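Geometric and topological summary
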Amino acid sequence: MRPPYRLLVAGLTPLVRESFLAPLVRESFLALLVTLGGCSQAQRPVFPEPSPPIVWPPAPASARIRYVGQLRSSDDLHPPAKPLEALGSLLLGAKKPARLYGPRAVLALPDGSAVWIADPGGRCLHRFDLLRRTYNKVTRVAGVPLLSPVGLCQGPDDSIYACDSEQVAIYRLAAADGRLLQELPLSEDVRRPVALQYRQTTDELFVVDVAAHNLKVLSRDGRLQRTIGQRGDGPGEFNFPCDLAVDRDLLWIADTGNHRIQGLTFAGAARVTFGRAGDTPGALALPKSIAVDSDGHLYVVDGRFENVQIFDRTGQLLLVFGQEGTGPGEFWLPGGICIDAADRIWVCDSFNGRIQVLDYLKTCGQAPPQNTTTSPTAPE
């Protein structure tokens, strides 16, 4: 029995034999057959291995950070071709990919299956399914348009939290498809939520309120439990905080207006403070986001230095990667950062309209990959 697409060709041939469209149709079907034949081939990897490798620090030092790739649009998933879509592309032109505009926050799901991206530039949330190679976009929640989605975090029961700073709203969504599970009933004390982290052990949601210069601690369903901090430059005080990370025993706050990072207990007591305004190693000009790897290292994204600085838990600078630019490992006003369970690092390269992906290399004693790129040792 002949394959269905050969029957289709055979059936259409008499209809177009005398038509001036015959050459176009024949060429279209020939291209379709080539596409169908290629469907059985192995899929391209989402992140092709760079050659030569790009690592920090450069050789001969042992590599600790390795560049993996980027997500810029739905085309980067390299989805397998579908017969009808392939025919439509041949006859009507290729469908434009969905692209990132100005990503501000990124969340990799714990099982590594998908990545969510909050994109205020596009007024939407993007979901990249890395296993199924599918993409979907959320532009409205419960019929209300997203205006400035800027924060994401993992929630309970296979859910995620997303906050919209302009709508002054926090939503709990299904991680699989973005379906609304609950809109949190926020009190009037919440003025402009920009970042959030859920702590499973206490079932609490910590929210950065940039306009109020403090943290709001909510129950999972949005009830205000307590407030941490106030405006100021003393211990436990904030000036336009932008992000937070939850460690095993501390909250780490990107205290942006004070050019510093603060480590607080979950009750709000200051324990660690580091960073200062300046242009020397360890200085912070515009700390926009923070994340923690499995070894407790702190990754601070600086939107003015266009780099990521890595510190230990005492504030000792360990490594800097990135610089201003548009190439691999270069940034233009970077924003959010997420480190997943496999120590893969996802960085929002906002003005370059992409997510850059890197790995933290834990294994010691191995010969580092060769690197032909340069790496700054301090902010410029």
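What you are looking at is a predicted structure, and each value in this text was computed from that prediction instead of being measured.

**Looking at the nonpolar core**
If you look at the biggest cluster of nonpolar residues, it comprises 25 residues, and the most contacted ones within it are Tyr161, Ile170, Leu196, Leu205 and Leu251. Looking at this core, the elements with two or more residues in it are β9 (149-154), β10 (159-164), β13 (193-199), β14 (204-209), β15 (214-219) and β18 (251-255). Ignoring anything within four residues of it in the chain, the contact list for Leu251 reads Phe206, Leu215, Ile228, Leu244, Ala245, Val246, Gln262, Gly263, Leu264, Thr265 and Phe266. In terms of nonpolar packing, the next biggest core, distinct from the first, is built from 18 residues, Tyr299, Ile310, Leu319 and Ile339 among them.

**With respect to the sheet that holds strand β24 (residues 317-321)**
Spatial ordering of the open sheet is given by β21-β22-β23-β24, a layout of four strands whose pairing is antiparallel. This sheet does not close on itself; its edge strands, each paired only once, are β21 (287-292) and β24. Across this sheet, the average inter-strand angle for adjacent strands is 20°, counted without regard to direction. Pairing of β21 with strand β22 (residues 298-302), which is carried by five bridges, proceeds in the antiparallel orientation. By the bridge assignment for β22, Pro287 is matched with Asp302.

**Remarks on the pattern of salt bridges**
Within this structure, the stated rule accounts for 15 salt bridges. A salt bridge links Arg220 to Asp203, with the shortest nitrogen-to-oxygen separation between them at 3.1 Å. Highlighted residues: Arg220 in the loop between β15 and β16 (224-228) and Asp203 in the loop between β13 and β14, separated in sequence by 17 residues. Look at Asp203 and you get partly exposed, because its relative accessible area is 28%.

**Quick word on the sheet that holds strand β12 (residues 180-183)**
Strand pairing in a sheet relies on backbone hydrogen bonds, with the paired strands running either antiparallel or parallel. Within the open sheet, the four strands sit side by side as β9-β10-β11-β12. Their pairing is antiparallel. Looking at strand neighbours, the two that pair on one side only are β9 and β12, the edges of this open sheet. Strand-to-strand, the axes of this sheet are offset by a mean angle of 25°, without reference to chain direction. Pairing of strand β11 (residues 169-174) with β12 involves three bridges; the strand directions are antiparallel. Of the residues in β12, the one forming a bridge with Arg172 is Gln182.

**Concerning the packing of aromatic side chains**
Evaluated as defined, the whole model comprises seven aromatic pairs. When the ring of Trp332 is compared with that of Phe351, the centres are 5.4 Å apart and the planes differ by 75°; the resulting orientation is edge-to-face. With a gap of 19 residues between them, Trp332 in the loop between β24 and β25 (334-339) and Phe351 in the loop between β26 (344-349) and β27 (354-360) connect regions that are remote in the sequence. Among the residues examined, Trp332 registers a relative accessible area of 42% and is labelled partly exposed. Just above the ring of Phe266 sits the side chain of Arg199; from NZ or CZ to the centre is 3.5 Å.

**Describing the state of the cysteines**
Within this structure, the stated rule accounts for zero disulfides. Cysteine Cys348 remains unbridged, with the sulfur of Cys338 as its closest cysteine sulfur at 9.0 Å.

**Overview of the environment of Asp164**
Along the polypeptide, Asp164 turns up in strand β10. Looking at Asp164, the relative accessible area reads 0%, which means it is buried. Each C-alpha atom of the pair Asp164 and Ser148 lies 5.1 Å from the other, and the pair is 16 residues apart in sequence. Not counting residues up to four positions away in its chain, the partners in contact with Asp164 are Leu146, Leu147, Ser148, Pro149, Ala169, Tyr171 and Pro193. From its side chain, Asp164 meets the backbone nitrogen of Leu147 in a polar contact 2.8 Å long.

**Brief notes about unusual backbone geometry**
Residue Ser51 is joined to Pro52 through a cis peptide bond whose omega torsion reads 0°. Looking at where Pro52 falls in the secondary structure, it is placed in the loop between α2 (22-38) and β1 (55-56). Here the residue pair Ala59 and Pro60 is connected by a cis peptide bond, since its omega of 15° sits within 30 degrees of zero. Of note in the backbone geometry, Phe240 takes a positive phi value of approximately 50° without being a glycine. Of note, Phe240 is situated in the loop between β16 and β17 (243-246). Given a relative accessible area of 39%, Phe240 falls into the partly exposed group. Residue His259 is not a glycine yet carries a positive backbone phi of 55°. Structurally, His259 is set in the loop between β18 and β19 (260-264).

**Re the side chain of Asp209**
Looking at the secondary structure, you find Asp209 in strand β14. Assessed through its relative accessible area of 0%, Asp209 is described here as buried. Aside from chain neighbours lying at most four places away, what touches Asp209 is Asp189, Val190, Arg191, Arg192, Asn214 and Lys216.

**Remarks on the pairing of β27**
When you tally the buried positions in β27, you get seven out of seven residues, the bulk of the element. What you see with β27 is no split at all: Arg354, Gln356, Leu358 and Tyr360 on one side and Ile355, Val357 and Asp359 on the other are buried throughout. Across six bridges, the pairing between strand β2 (residues 65-71) and β27 is antiparallel. Bridging across to β27, Gln70 finds its partner in Gln356. Relative to β27, β26 is paired through six bridges, and the arrangement is antiparallel. Across the sheet, Val347 pairs through a bridge with Gln356, a residue of β27. Connecting β26 to the next strand, β27, in antiparallel fashion are four residues, including Gly353 with a positive phi near 60°.

Basis of the calculations
- Residues numbered from 1 in each chain as written.
- Predicted model: local features only at pLDDT ≥ 70, side-chain atom pairs only at ≥ 80, totals over all residues.
- Heavy atoms only, no water.
- Core = buried A, V, L, I, M, F, W, Y, C linked by side-chain atoms within 4.5 Å.
- Buried < 20%, exposed > 50% of the residue type's maximum accessible area, 1.4 Å probe, protein only.
- Helix = DSSP H or I, 4+ residues; strand = E, 2+ residues; numbered from the N terminus.
- Contact = heavy atoms within 4.5 Å.
- Pairing = 2+ DSSP bridges.
- Axes fitted to C-alpha atoms, helices over the stretch in contact; angles between N-to-C directions.
- Salt bridge = Lys/Arg side-chain N within 4 Å of Asp/Glu carboxyl O.
- Phe/Tyr/Trp six-rings, centres within 6.5 Å; stacked < 30°, edge-to-face > 60°.
- Lys NZ or Arg CZ within 6 Å of the ring centre and 35° of its normal.
- Disulfide = S-S within 2.5 Å.
- Polar contact = N/O pair within 3.5 Å; in protein donor to acceptor, adjacent residues only side chain to side chain.

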